[in-house]
Amino acid sequence: MIGDLTVIPLLFILVTSMSLLLNLHWRWTILAFAIQYIGVFWLVSQNWPLGLATVKLVAGWMAGAILASTQVNNESELSLGFMGLSGRIFRVIAGLFVLIIAFSIVGQISTWIPGDPNTLLSGVVLMMMGLLQLGMTTVPFRSMLGLLSAFSGFELIYATVVTSVLVTGLLAVITLGLALAGSYFMSLEKEQEAA
């Protein structure tokens, strides 16, 4: 029964992680990031009480809001790199390659970590796609989204193993701290461009 309930958030995570990789406009990227955290919340709520799972959702949305607040006056998306068709095709192929690897290794991971295979697959996909995003950009906004996606994948796998209020709070603080650090670096970059 749990496997049936976890297919929908797995699809959310697959679609949103691929759309984060495609360098869409920052508004669409933040929307995909928010939907990604809905999928993470849904999967975590299968193993944790609803209150603890809600902490992950709120922390993720707050991190997205913090990052979005630095992009409000940044309408120039020309410095993102790979904005052409060939760059997007390359990113789709790289993303598909990562998804094939994730689908192929989830069986081995499920022998080490007990849990729903769809939840483990979602965590592995988030970690690998986040690291791919992190490695394919030098723009701080995109880098922070990749880092937060990889961290949410770790949180998802960790949630299948441990249920702890203290660790949940610590992971939420780390998520918000990463978003604040990314916001600080983005504001520094804007100041340097203005000078």
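Since the structure is predicted, the reported quantities are computational estimates derived from the model, not experimental observations.

Undergrad: Hey, could you run me through a nonpolar patch on the surface in this one?
TA: A grouping of W28, L31, I35, I38 and W61 is seen on the molecular surface, where their side chains present a nonpolar patch of about 470 Å² in accessible area. Assignment of secondary structure puts I38 in helix α3 (residues 26–44). Owing to a relative accessible area of 30%, I38 belongs among the partly exposed residues under this scheme.

Undergrad: What's the story with the nonpolar core in this structure? I'm lost.
TA: Looking at soluble globular proteins, one finds that nonpolar side chains tend to be buried together. L67, V125 and F141 are the most contacted members of the largest nonpolar core, which has 48 residues in total. Among the secondary structure elements, those contributing two or more residues to this core are α2 (7–21), α3, α4 (50–69), α5 (85–112), α6 (117–135), α7 (140–161) and α8 (165–194). Residue contacts for L67: discarding those within four places in its chain leaves F141, M144, L145, L148, A179, G182, S183 and M186.

Undergrad: Explain the packing of aromatic side chains to me, please; I cannot follow it from the model alone.
TA: To describe a pair of aromatic rings, one takes the distance between the centres and the angle between the planes. Counted according to the given criterion, the structure contains 5 aromatic pairs. By the ring-pair criterion, three or more aromatic residues cluster together here, those being F151, F154 and Y158.

Undergrad: Please explain α7 as it appears in this structure.
TA: An α-helical turn contains 3.6 residues, so any two residues separated by three or four positions project in the same direction. Here α7 is 22 residues long and its end C-alpha atoms lie 32 Å apart, about the 32 Å a rise of 1.5 Å per residue gives. Across the 22 residues that make up α7, a large majority, 18, are buried.

How each quantity is defined
- Residues numbered from 1 in each chain as written.
- Predicted model: local features only at pLDDT ≥ 70, side-chain atom pairs only at ≥ 80, totals over all residues.
- Heavy atoms only, no water.
- Patch = residues over 30% accessible without salt bridge, like charges linked within 9 Å, V, L, I, M, F, W, Y side chains within 5 Å.
- Areas by Shrake-Rupley, 256 points an atom, 1.4 Å probe, with all protein chains shown as cover.
- Salt bridge = Lys/Arg side-chain N within 4 Å of Asp/Glu carboxyl O.
- Helix = DSSP H or I, 4+ residues; strand = E, 2+ residues; numbered from the N terminus.
- Buried < 20%, exposed > 50% of the residue type's maximum accessible area, 1.4 Å probe, protein only.
- Core = buried A, V, L, I, M, F, W, Y, C linked by side-chain atoms within 4.5 Å.
- Contact = heavy atoms within 4.5 Å.
- Phe/Tyr/Trp six-rings, centres within 6.5 Å; stacked < 30°, edge-to-face > 60°.
- Expected span 1.5 Å × (residues − 1).

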